[in-house]
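For reference, the chains in residue letters:
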Amino acid sequence: MHWQDVCSTPPRVIGDSGRRHWDELGYLSFSGMLGDAELERLTAALDTIIEASRTMSESTHLVDLDAGHRREAPRLRRAALIDDVDPVFWDFCRQSVLVDIAADVLGPNVRFRDAFANLKWSGGGAAVDWHQDLAFYPHTNAGTIQFIVALEELTPERGPLTVVPGSHKGPMYSHYDGDGAWVGAIGIEQLDAHMIDSAVQITGPAGSVSVHHALTLHYSAPNHSDTNRPALVITYSAADAIPYTAPPYCSSHYGQIVRGVEPGIAHHDAMTMILPPDWTHGYTSIFQHQDPPSNSPEPTPENP
C-alpha cells in the first residue's frame, strides 16, 4: 500500500505527528506503554521458557543458548516461536495495542509474521551487529515492521536498540561478507560515519515499546549491566507484502491476518531486494550467523 493510502485512514494510536515522525525517521518509541498486569503475564510466560532451558546443553531451533549456559545458571540469547509455546504470547501478538500501531503505519490490513524473545544476559549478554530486518525476509514491498517490547528497564549499559533515523529511506545493504558468505550483518565499511554518529539509543522503563521500519539500520551493544535485559521481538507486515523466501521462523500463526482483511493483491516496491540464504531447512538466530563460535556454551567461573 502506498503511504498516501495508509494516511487516508485516521490513526488509532500514534496521531498525525506520529505518522510524520515515522515517515521522516523510520521508527517510533512509546515510554512505559504497557501496564503492570500485562507485563507480569508476559514475564511469567518467559520465565517458564527460561526454567525449562535448565535441562538443555545445546541450542535448538526453539532456544539459542548463550556461552556459559548451565543448569544452575541458565543463559539464553533467544527463545523463538513463542506464540506457539504459550498462548499468553499469541494473545498479546493478536490483540494488544501493537496491532493498532501496526495498522497506523502499514495500513488497515495487517499480517502477523513472527515473535521471539531476545535475552541479553547480564555481564556481557550478546550484541547484535548493524543490520536491516528486511534482509532476512525480503517481500514484494518494504511494508514490514518490528516491535521491541521491554520487559525490564532499558538503560544505555543494558544494550538497548540503537537506530539510525531516516536510514529507511536508503538502500537495502548486503548482509554477505566479501567471500559471499551470509553473516547477517552489514560491514561497517559500508556505512557512512555520519550515519553512525547520528544513531539514537531507545531507552525507557519496563513496558516501553518501540517499532522500526524494515529498512531502518539498527544494532544493539552487549549488556554490560548486572541485570538481564529480556525483550519481546514481534514482526508484522502489510497484508499486500508477499514474501519472496521461506521465513526464518514459521509458527502455526505465520501469515495470519490480525487486523483487517486479506486484500488478494501484492503491492510491489521499485527496489532491489538482496535475497538471503534459503531458510527452508532451518534457522536458529541472528547471533549464530554474526558470531558462530559463541553458540558453544562453555561454563566459566568468572561468567557463570
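Residues numbered from 1 in each chain as written. Predicted model: local features only at pLDDT ≥ 70, side-chain atom pairs only at ≥ 80, totals over all residues. Heavy atoms only, no water.

Side note on the packing of helix 5 (residues 87–95) against helix 6 (residues 97–106)
Between two packed helices, both the angle of their axes relative to each other and the distance between the axes serve to describe the pair. The interhelical angle for the contact between helix 5 and helix 6, taken along N-to-C directions, is 35 degrees, at an axis separation of 5 Å. Facing helix 5, whose interface residues are Phe-92, Cys-93, Arg-94 and Gln-95, helix 6 presents Val-97, Leu-98 and Val-99. Of the residues contributing to the contact of helix 5 with helix 6, the split by class is five nonpolar, one polar and one charged. (Axes fitted to C-alpha atoms, helices over the stretch in contact; angles between N-to-C directions. Helix = DSSP H or I, 4+ residues; strand = E, 2+ residues; numbered from the N terminus. Contact = heavy atoms within 4.5 Å. Nonpolar A, V, L, I, M, F, W, Y, C, P; charged D, E, K, R; others polar.)

What to know about the environment of Ser-251
Turning to its location among the elements, Ser-251 is positioned in the loop between strand 11 (229–238) and strand 12 (257–259). Linking Ser-251 and Ala-80, residues 171 residues apart in sequence, is a C-alpha distance of 9.2 Å. For Ser-251, the contacting residues outside a window of four places in its chain are Leu-81, Asp-83, Asp-84 and Phe-112. Looking at Ser-251, its side chain comes within polar contact range of the main-chain nitrogen of His-253, at 3.1 Å. (Polar contact = N/O pair within 3.5 Å; in protein donor to acceptor, adjacent residues only side chain to side chain.)

Some points on the pattern of salt bridges
All chains considered together, the criterion is met by nine salt bridges. Here Asp-23 and Lys-169 are joined by a salt bridge, their closest N and O atoms 3.9 Å apart. Within this pair, whereas Asp-23 is found in helix 2 (residues 15–25), its partner Lys-169 is found in the loop between strand 7 (161–163) and helix 7 (193–197), the two being separated by 146 residues in sequence. Accessibility expressed as a relative area gives 31% for Asp-23, which makes it partly exposed. Classification of Lys-169 by relative accessible area gives exposed; the value is 56%. A salt bridge links Glu-72 to Arg-70, with the shortest nitrogen-to-oxygen separation between them at 3.6 Å. The class of Arg-70 is partly exposed, set by a relative accessible area of 28%. (Salt bridge = Lys/Arg side-chain N within 4 Å of Asp/Glu carboxyl O. Buried < 20%, exposed > 50% of the residue type's maximum accessible area, 1.4 Å probe, protein only.)

Description of the confidence of the model for the chain
On average, the chain scores 91 in pLDDT, and the residues at 70 or more come to 93%. Note that residues 293–304 has pLDDT below 50 and, in this model, 29 contacts with residues that lie over four places away or in other chains. (pLDDT = per-residue confidence, 0-100.)

Re unusual backbone geometry
Here the phi dihedral of Leu-81 falls at roughly 50 degrees; this positive angle occurs in a residue that is not glycine. Its place among the elements puts Leu-81 in the loop between strand 3 (76–79) and helix 4 (82–85).

A word on the nonpolar core
In this structure, Ile-145, Phe-147 and Tyr-236 are the most contacted members of the largest nonpolar core, which totals 46 residues. Among the elements that take part in this core, helix 6 stands out by supplying seven residues, more than any other. One finds Ala-80, Ala-231, Val-233 and Tyr-249 within the second-largest nonpolar core, a separate group that totals eleven residues. (Core = buried A, V, L, I, M, F, W, Y, C linked by side-chain atoms within 4.5 Å.)

Examining the environment of Ile-274
By the element assignment, Ile-274 lies in the loop between strand 12 and helix 8 (286–290). With a relative accessible area of 27%, Ile-274 lands in the partly exposed category. It is 7.2 Å that separates the C-alpha atoms of Ile-274 and Met-172, two residues lying 102 residues apart in sequence. Beyond its immediate stretch of four places on either side in the chain, Ile-274 contacts Ala-135, Pro-138, Met-172, Tyr-173, Ser-174 and Tyr-176.

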